[in-house]
Amino acid sequence: MYGKGILEGLLVTLKHFFGTFIDDIRKGRKRYMTDEGVEYRRSKDVKGIFTVQYPEERLPTPENFRFVPFLVYDEKEDGTNEIRCTSCGICAKVCPPQCIWIEQTTNPKTGRPVPEPVKFFIDIDICMNCGFCADFCPFDSIKMDHYYEMASFDRTKTNILDLTKLSKPASYHAEIHPIHFAREEEIRRVKEQKREERRLAKEQRLNKFKSE
Amino acid sequence: MNEIAVVKSELEIRFPDAVRKDDREGFQGYIVEKESLVEVATALRDDFGYDYLTSVTGVDYIEEDILEAVYHFYRSTGGKELVLHVQTPRNNPVIPSLYKIFHGVDFQEREAWDLIGIKFEGHPDLRRILLWEGFNGHPLQKDWKEAFYVEEKKPFDNRWPEGKIQQIEELNKFGKNVRYPENFHDPESWKPEHEDLLYAGLLDLAEKTGSGLETDHVVINMGPQHPSTHGVFRMAVVVDGETITALKPVMGYLHRNHEKIGERNTYIQNIPYTDRLDYISSLSNNFGYAMAVEKLLGYTNEIPERAEYLRVIMAELTRISNHLWAIGFLLNDLGAYFTPSLYAIQERELILDIFEEVTGARMMNNYHRFGGVAKDILPDAMKKIENLVLDRLPRKVDELDKYLTKSELLQSRTEGVGVLTPEDAINMCAVGPVLRASGVPYDVRRADPYSIYDRFDFDVAVRYHGDTYDRYLIRMDEIHQSLRILQQALKDIPEGPILLRNPYNIKAPKGEAYGRVEGPKGELGFYIVSDGTSNPYRYHVRSPSFINLTGLEKMCVGQKVADVVVILGSIDIILGEVDR
Ligand code: SF4
Ligand code: SF4
């Protein structure tokens, strides 16, 4: 009563105020503009000031972070690039605001669809960064990016991403998603191994058949 | 026979002509003749103990040529729901209003009139609520189409395999994106009549509650642009001197017809949209929606253990972050400018860091799937959660407690301000902290347990004065209880799969489902009707912020005009959810 509550409250404010300076003195230069400093300021022990001074300092982007998608291509040993997308259309069907537009082609000779998109657009004005396209793509060919500084002066020219702007190498995917990339590669390796085994088994059977 | 079955058969015995079982495929509850609706509802409230009518909405069954109102009754002591359906022909859709019996249907009936076009006879103030009054038609009727209309259902056919891109804004040009009703000519010279009605109604109310002195009543519009309203929200207030004699909330400024969008979407596409309802607590919105669809799909008992734990952990972290935000801004509303709120937001920021690491986004999490969750927690993030829950948060919440709870300034501004009695709270369908601060220990996690909440040891926080101070205290209590749940969940969380199955296209069997969770703001319900295709036939959100506003008038009348701001802050609304 009689203002005791207020005084106790104000003590808390005072503690916060001095906390900043005490921390500054203790940590010295390391507290600002270093990765270590940023990491400290988002840890459980932080006292006092807390702000990360964007854009001089940046919060690290966690691996799961998702911002507009990109298409993955593999760099072959002969120097050519092979886009992983098969234009199956699952991402376009699952996209909630329907901002993926894919054009599929057919081989003029056979009339069969070619497993590669001729055109691929994402209208990032309405992309809601939900990550469904990356979640549901069966070929690991569309992934969510970490690059988020996309502000531009003219949205009508820059904000529809086409195939060239969307494509990024698999090495980039590996760089920003190390854990997921390793897991995907593992699954792929196991699959390929199985396929190889099956092929060998078939060959063996064939050989056996021949020799008989 | 369990208790609900007893009630049901008694209901049938008592009203043999008016009540019949709803035997459509996948539906539950009863179809009530509209003439006897009031009678049946009264009996339910007075004789059967179903005194808590939480959700009222409508569905347009265009094939059968009927509009249907759907009521979800509960007991305020806990238990399962009792569902009533009332049907009315489409060309003359009139249903008696339940306003006299349950005041809480006020906004919900207005919403059903606005969006679906059911006229509730006997409702004292049946104006449009979310849309403007010159709006053409009732958008949730199945034959209504938006000005920019592509197709009935997603996915749209023109995206694949001949995706010739069109920028959406070219198709949706300014000036051509509105359709006016016939005989509506010039929007510039048009004068809204409902505004007059609003003020007339207000002054009418003011007459009844005035001080008796022969003074003039002044109408003040607080909002739509007002710093206290946390968004675009307007309160039309009548004051007599400094004292409020009548108040009516006006909303819909942020309306985007979430439900129509939801009916165009496929089931899975709706998940990220639910994030945008109450954007402070996305993860619990996801939870509610996923639960409702899981009920439809019949997955409810198959969800992997680890996924359930992850859901609970995320939901409780959300609750803490939401309450911190609410407390911080309540202090802002009191005039303690930004110091307390920044202390609170600092902790919320650390929680958001965790969300970002686990789900990929700070606020628009999109984390739940039908039958589990999207991503597992990486070990790093788990460590962070443990640090926060076991070490930092208890410390910091205590500090906040020390900082604010005993402060005489806070006490003198909030104690005895904006009182809501328990009877009123139940009658007005208040939910969540607002209800529990009024002394009604109703928490969906205990009253109708879902997920794995029955395993945890926690108390339902309850306070008894029903004033603003108690609504502040209850949030503090709930943070402590959430920390308790988290501590148990972190200890017990098993290893294992996190997702049952994850097809990109789900077809739900025919029927209806109502899934509800105890969100940070109260009971958040999703009512879904499926017609057996991959898009919901009807998708309705019972939003706690919206319905809690029903009690605002009751809390404010008789208070000083400066206190309105605080009372509104103590209800803790998010306009994204109010206006949907
Ligand atoms: S990105 Fe993936 S899902 Fe989309 S079309 Fe290509 S292969 Fe199919
Ligand atoms: S992130 Fe979501 S909204 Fe964006 S392109 Fe992918 S599916 Fe569509």
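Residues numbered from 1 in each chain as written. Chains lettered and ligands numbered in written order. Predicted model: local features only at pLDDT ≥ 70, side-chain atom pairs only at ≥ 80, totals over all residues. Heavy atoms only, no water.

Asks: I'd like a rundown of the overall build of chain A, residues and numbers included.
Replies: Secondary structure summary: chain A contains eight helices and seven strands in total. Expected size for 212 residues packed as a compact globule is a radius of gyration near 17 Å; at 27 Å, chain A overshoots this value by more than 25%. On the principal axes, the C-alpha backbone points of chain A span a range of 100 × 50 × 40 Å. Evaluated residue by residue, chain A yields a buried proportion of 38% over its 212 residues. Long-range contacts, defined here as pairs at least 24 residues apart, represent 60% of the contacts in chain A between residues at least 6 apart. (Helix = DSSP H or I, 4+ residues; strand = E, 2+ residues; numbered from the N terminus. Rg over C-alpha atoms; globule rule 2.2 N^0.38 Å. Buried < 20%, exposed > 50% of the residue type's maximum accessible area, 1.4 Å probe, protein only. Contact = heavy atoms within 4.5 Å.)

Asks: Now, about the overall build of chain B: what can you tell me, with residues and values included?
Replies: Secondary structure summary: chain B contains 20 helices and 15 strands in total. At 24 Å, chain B has a C-alpha radius of gyration in line with the 25 Å of a compact globule built from 580 residues. Counting only C-alpha atoms and orienting by the principal axes, one finds that chain B spans roughly 70 × 65 × 60 Å. Residue burial in chain B is summarised as follows: out of 580 residues, 62% are buried. Restricting the contact set of chain B to residue pairs at least 6 apart, pairs at least 24 apart contribute 70%. Carbon together with sulfur atoms contributes 52% to the accessible area of chain B, which is approximately 21400 Å² in total. Looking at chain B, you have 67 positive and 92 negative side-chain charges, and the mean spots of the two groups are 4 Å apart. (Areas by Shrake-Rupley, 256 points an atom, 1.4 Å probe, with all protein chains shown as cover. Lys, Arg positive; Asp, Glu negative; His and termini not counted. Charge placed at Lys NZ, Arg CZ, Asp CG, Glu CD.)

Asks: Please set out the site of ligand 1 residue by residue, giving values where relevant.
Replies: Close to ligand 1 lie 13 residues; C85(A), C88(A), C91(A), C137(A) and S141(A) are nearest. Considering only residue class, the shell around ligand 1 consists of nine nonpolar, four polar and no charged. (Near = heavy atom within 4 Å. Nonpolar A, V, L, I, M, F, W, Y, C, P; charged D, E, K, R; others polar.)

Asks: Could you give an account of the confidence of the model for chain B, with specific residues and numbers?
Replies: Summarising the model, chain B shows a mean pLDDT of 86, and 97% of its residues fall at 70 or more. Among the prediction metrics, the complex's ipTM stands at 0.88, with pTM recorded as 0.90. (pLDDT = per-residue confidence, 0-100.)

Asks: Describe the interface of chain A and chain B, listing the residues and the values that go with them.
Replies: Listed by partner, the interface residues are 53 residues for chain A and 58 residues for chain B. Across the interface of chain A and chain B, roughly 5000 Å² is buried in total on both sides, 56% from carbon and sulfur atoms. Taken together, the connections running from chain A to chain B amount to five salt bridges. Salt-bridge contacts for D135(A) lead to R369(B); the nearest nitrogen and oxygen are separated by 2.8 Å. Breaking the side of chain A that touches chain B down by element, the ones donating at least two residues are α1 (4-27), α3 (90-94), β3 (100-106), β4 (113-123), α4 (132-136) and α5 (155-158) of chain A. Its residues assigned to classes, the side of chain A that touches chain B comprises 27 nonpolar, 13 polar and 13 charged. (Buried area = accessible area lost by both parts, 1.4 Å probe. Salt bridge = Lys/Arg side-chain N within 4 Å of Asp/Glu carboxyl O.)

Asks: Outline unusual backbone geometry, supporting the account with residue identities and numerical values.
Replies: Cis rather than trans, the peptide bond between Y54(A) and P55(A) has omega equal to 5°. For P55(A), the position within the fold is in the loop between α2 (35-41) and β1 (67-75). Cis geometry is found at the peptide bond from K154(B) to P155(B), where omega equals -5°. Mapped onto the elements of the fold, P155(B) is located in the loop between β7 (119-121) and α4 (168-171). Look at D65(B): it is not a glycine, yet its phi comes out positive at around 65°.

Asks: So what's going on with the site of ligand 2? Which residues, and what values?
Replies: Of all residues adjacent to ligand 2, which total 14 residues, the nearest are C95(A), C127(A), C130(A), G131(A) and C133(A). Among the residues forming the shell around ligand 2, the class breakdown is twelve nonpolar, two polar and no charged.

Asks: An account of the domain arrangement of chain B is needed here, citing residue identities and associated values.
Replies: Residue and element names in this part refer to chain B. When cut into domains, chain B gives domain 1 (3-121), domain 2 (141-191) and domain 3 (258-579). Between the C-alpha centres of domain 1 and domain 3 the distance comes to 27 Å. Summed over both sides, the interface between domain 1 and domain 3 buries roughly 2700 Å², with carbon and sulfur atoms accounting for 56% of that surface. Joining domain 1 to domain 3, the criterion identifies one salt bridge. A salt bridge links D448 to K80; the shortest N-O distance between them is 2.8 Å. One can count 17 residue pairs in polar contact (both at pLDDT 80 or more) joining domain 1 with domain 3. In terms of residues, the side of domain 1 that touches domain 3 owes the most to one element, strand β3 (residues 52-61), which gives ten residues. Across the side of domain 1 that touches domain 3, the residue classes tally to 15 nonpolar, 14 polar and eight charged. (Domains from an automatic or database assignment. Polar contact = N/O pair within 3.5 Å; in protein donor to acceptor, adjacent residues only side chain to side chain.)

Asks: Tell me what's going on with the nonpolar core, and back it up with residues and numbers.
Replies: All names here are of chain B. Grouped together as the largest cluster of nonpolar side chains are 175 residues, with contacts concentrated most on Y71, F73, F370 and L552. Of the residues forming this core, the biggest block, 13 residues, is contributed by helix α9 (residues 305-334). Each residue touching F370, except ones within four places of it in the same chain, is listed here: Y267, I268, I271, Y289, A290, V293, E294, L297, Y299, L499, R501 and I506. (Core = buried A, V, L, I, M, F, W, Y, C linked by side-chain atoms within 4.5 Å.)

Asks: Requested: an account of the pairing of strand β9 (residues 234-240) of chain B, with residues and values cited.
Replies: Residue and element names in this part refer to chain B. Taken across its seven residues, β9 has seven buried, putting it largely inside the fold. Residues of β9 alternate between two faces, with R234, A236, V238 and D240 on one and M235, V237 and V239 on the opposite face, all of them buried. Pairing of strand β8 (residues 218-222) with β9 involves five bridges; the strand directions are antiparallel. Note that in β9 the partner of V218 across the bridge is V239. Of the strand pairs in this sheet, β9 and strand β10 (residues 243-250) are connected by seven bridges, and their pairing is antiparallel. (Pairing = 2+ DSSP bridges.)

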